[in-house]
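Inside the fold
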Amino acid sequence: MINKEVASLAEAVADIFDGATVMIGGFGEAGSPIELIHALIDQGATGLTVVNNNTGSGEVGLAALIKAGRVAKMICSYPRSMNSTVFPELYRSGEIELELVPQGTLAERIRAGGAGIPAFYTATCVGTMLEEGKERRTINGQDYVLEYGLKADFSLIKSFKADPYGNLVFNKTARNFAPPMAMAGAVTVVQTASIVAAGELDPEVVVTPGIFVNRVVEVPNPAHESVLVAEGVTYP
Amino acid sequence: MKSEKPTIGLSRDEMAQRVAMDIPDGSYVNLGIGIPERISRFVPDGCEFIYHTENGLLGMGPSPEEGEGEPELINAGKRQVTALPGASYFQHPDSFAMIRGGHLDLCVLGALQVACNGDLANWSTGGPGAIPAVGGAMDLVAGVKSVFVITQHCTKTGDPKLVDACTYPLTGPGVVNRIYTDLAVIEITADGFQLVELSPGVSFEYVAERTGAPLIPIPVSSAN
């Protein structure tokens, strides 16, 4: 019997190694797998390249991982947000590398990586400073730049419900980057608010099919980043 | 350069209302963060616009009532919003397929600078110590059918934001169609900044003086 459920957060992230590329779902706090990130902080892996749209807020979740010195490089589209101070300070002092990617290009690079497409052309960023170093090609009279697919050693994402096969459904705008990251991660780890029995998720509404998922861990009442930040919580 | 704060022209809400008047009924629209968000309050009677937020919601509604918001129902500015009847949620690649695939009719963005050839700079001042953050702006200007800019005509220090050539890093070259400011509505044409409409009580000379490239007057035949 296939059952992708693992018993603990610690077990779910146990094999993340130093220098790994880790995709972390979420757009701002929506969809951020805070409990998995905190387990990764406890686990200790360092020198990570992290792919996320942002760089976290306050000193919890992704911001706490960065604050702990575990992230060598961020690949993201918008590394400043409300209550985001950890990344800007490290960036200004040259202690963390940044690869800035337009948001749609980031999403498509992740999707492409997961779909076995090594690269694609897009009009986004043509004629801007983010085009520097990229190959340009004119197709049907319009200019495009070449962008490469992105893959990860691990993807950490959050879902609303999951079943033992790893089929997933999401909650509102928490879906964002989770489905493509599930595809692009060699090992995809999901924290979910509830694990239901096989057959309870209508196959017509499954968003991420279980083939893209390796591990599921149940976190019944996940924390909300904005609440933790408002309360002044820091991790660890 | 004029440095005094203009005491004439439209307020920010009036600017937002003016933009809303020009959005065709039934349009799919993406509103940028800041002043553009105000436009959603001014849908003209009899019109329906469907608002897209790039973090995965089509059919975005207004902010929730106090205490009824959800941390996982937010807009691109990461503020809590609502979903209207008929809304849909989707993943990021689909959201940007809507943008980059040319399915959205219009986006309305803020600006640091707009050049008379339609170049837009709105994501970075490029200054030392600035944290570069582009978000979805470059995708929007590259893919959406029509791009409006809503902005104050001049910076806080009185410098023109409508310029001959952008000095800040570009968001996209030649991408802007129309500019709505506190002083005027201006169309980008092959000949440069074409005045479309002056705000009440504002003269052509007043706007031209505060514009960093030649301003083409409204043709006499179409003036009224």
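Residues numbered from 1 in each chain as written. Chains lettered and ligands numbered in written order. Predicted model: local features only at pLDDT ≥ 70, side-chain atom pairs only at ≥ 80, totals over all residues. Heavy atoms only, no water.

**Overview of the overall build of chain B**
- When helices and strands are counted, chain B shows 4 helices and 13 strands.
- Since a compact globule built from 224 residues should have a radius of gyration of about 17 Å, the 18 Å found for chain B is in line with a globular shape.
- Dimensions of chain B along its principal axes, counting C-alpha atoms only, are 50 × 45 × 35 Å.
- Counting over 224 residues, chain B shows a buried share of 50%.
- Restricting the contact set of chain B to residue pairs at least 6 apart, pairs at least 24 apart contribute 61%.
- Of the side-chain charges in chain B, 14 are positive and 26 negative, and the distance between the mean point of each set is 6 Å. (Helix = DSSP H or I, 4+ residues; strand = E, 2+ residues; numbered from the N terminus. Rg over C-alpha atoms; globule rule 2.2 N^0.38 Å. Buried < 20%, exposed > 50% of the residue type's maximum accessible area, 1.4 Å probe, protein only. Contact = heavy atoms within 4.5 Å. Lys, Arg positive; Asp, Glu negative; His and termini not counted. Charge placed at Lys NZ, Arg CZ, Asp CG, Glu CD.)

**Quick look at a nonpolar patch on the surface**
All names here are of chain A.
- There is a patch of nonpolar side chains on the surface, built from Met 1, Ile 2 and Tyr 165 and spanning about 390 Å² of accessible area.
- With respect to the helices, strands and loops of the structure, Tyr 165 is situated in the loop between strand S8 (152–162) and strand S9 (168–169).
- On the basis of relative accessible area, Tyr 165 is assigned to the partly exposed category, the value being 33%. (Patch = residues over 30% accessible without salt bridge, like charges linked within 9 Å, V, L, I, M, F, W, Y side chains within 5 Å. Areas by Shrake-Rupley, 256 points an atom, 1.4 Å probe, with all protein chains shown as cover. Salt bridge = Lys/Arg side-chain N within 4 Å of Asp/Glu carboxyl O.)

**Quick notes on the nonpolar core**
- If you look at the biggest cluster of nonpolar residues, it comprises 42 residues, and the most contacted ones within it are Ile 16, Leu 48, Leu 65, Met 74 and Leu 156 of chain A.
- The contacts of Leu 156 of chain A, once residues within four sequence positions are left out, are Val 13, Ile 16, Val 22, Met 23, Ile 24, Gly 25, Pro 33, Leu 36, Leu 40 and Val 189 of chain A.
- Counting 29 residues, the second largest nonpolar core, distinct from the first, contains Phe 96, Leu 104, Leu 109 and Tyr 206 of chain B. (Core = buried A, V, L, I, M, F, W, Y, C linked by side-chain atoms within 4.5 Å.)

**As for the pattern of salt bridges**
- If you walk through the whole model with that rule in mind, you get 21 salt bridges over all chains.
- Its salt-bridge partner being Arg 136 of chain A, residue Glu 131 of chain A comes within 2.7 Å of it at the nearest N-O pair.
- Relative accessible area serves as the criterion here: at 42%, Arg 136 of chain A is assigned to the partly exposed category.
- Note that Glu 209 of chain B and Arg 210 of chain B form a salt bridge whose closest N and O atoms lie 3.3 Å from each other.
- Glu 209 of chain B gets classed as partly exposed once you look at its relative accessible area, which sits at 48%.

**Concerning the sheet that holds strand S6 (residues 136–139) of chain A**
All names here are of chain A.
- The strand order across the open sheet formed by 3 strands is S5-S7-S6, and the pairing between neighbours is antiparallel. Two strands lie at the open edges of the sheet, namely strand S5 (119–122) and S6, each paired on one side alone. Taking each pair of neighbouring strands and ignoring which way they run, the sheet shows an average axis angle of 40°.
- The pairing of S6 with strand S7 (residues 142–148) spans 4 bridges and is classified as antiparallel. Bridging across to S7, Ile 139 finds its partner in Gln 142.
- Contacting S5 and S7, helix H5 (residues 103–115) crosses the sheet at an angle of about 150° to S5. (Pairing = 2+ DSSP bridges. Axes fitted to C-alpha atoms, helices over the stretch in contact; angles between N-to-C directions.)

**Here we look at the pairing of strand S5 (residues 106–109) of chain B**
Residues and elements named next belong to chain B.
- Neither face of S5 is open: one carries Leu 106 and Val 108, the other Cys 107 and Leu 109, and all of them are buried.
- As paired elements, strand S1 (residues 28–31) and S5 share 3 bridges and run parallel to each other. Bridging from a neighbouring strand, Asn 30 pairs with Cys 107 of S5.
- In this sheet, strand S8 (residues 146–150) lies alongside S5 in parallel orientation, the contact comprising 4 bridges. Bridging from a neighbouring strand, Leu 106 pairs with Ser 146 of S8.

**Some details on the packing of aromatic side chains**
- This model, assessed by the stated rule, comprises 4 aromatic pairs over all chains.
- Seen in terms of ring centroids, Phe 87 of chain A and Tyr 91 of chain A are 5.6 Å apart; in terms of plane orientation they differ by 20°. Their pairing is stacked. Of this pair, Phe 87 of chain A and Tyr 91 of chain A both sit in helix H4 (residues 86–92), 4 residues apart, roughly one helical turn.
- Phe 87 of chain A sits in the buried class, given a relative accessible area of 0%.
- With centroids separated by 5.2 Å and ring planes inclined at 45°, the aromatic side chains of Phe 148 of chain B and Tyr 180 of chain B adopt a geometry described as tilted. Of this pair, Phe 148 of chain B sits in strand S8 while Tyr 180 of chain B sits in strand S10 (residues 178–180), placing them 32 residues apart in sequence.
- On the accessibility criterion, Phe 148 of chain B (8% relative accessible area) is buried.
- In this structure, Lys 78 of chain B packs its charged tip against the face of Phe 27 of chain A, placed 4.5 Å from the ring centre. (Phe/Tyr/Trp six-rings, centres within 6.5 Å; stacked < 30°, edge-to-face > 60°. Lys NZ or Arg CZ within 6 Å of the ring centre and 35° of its normal.)

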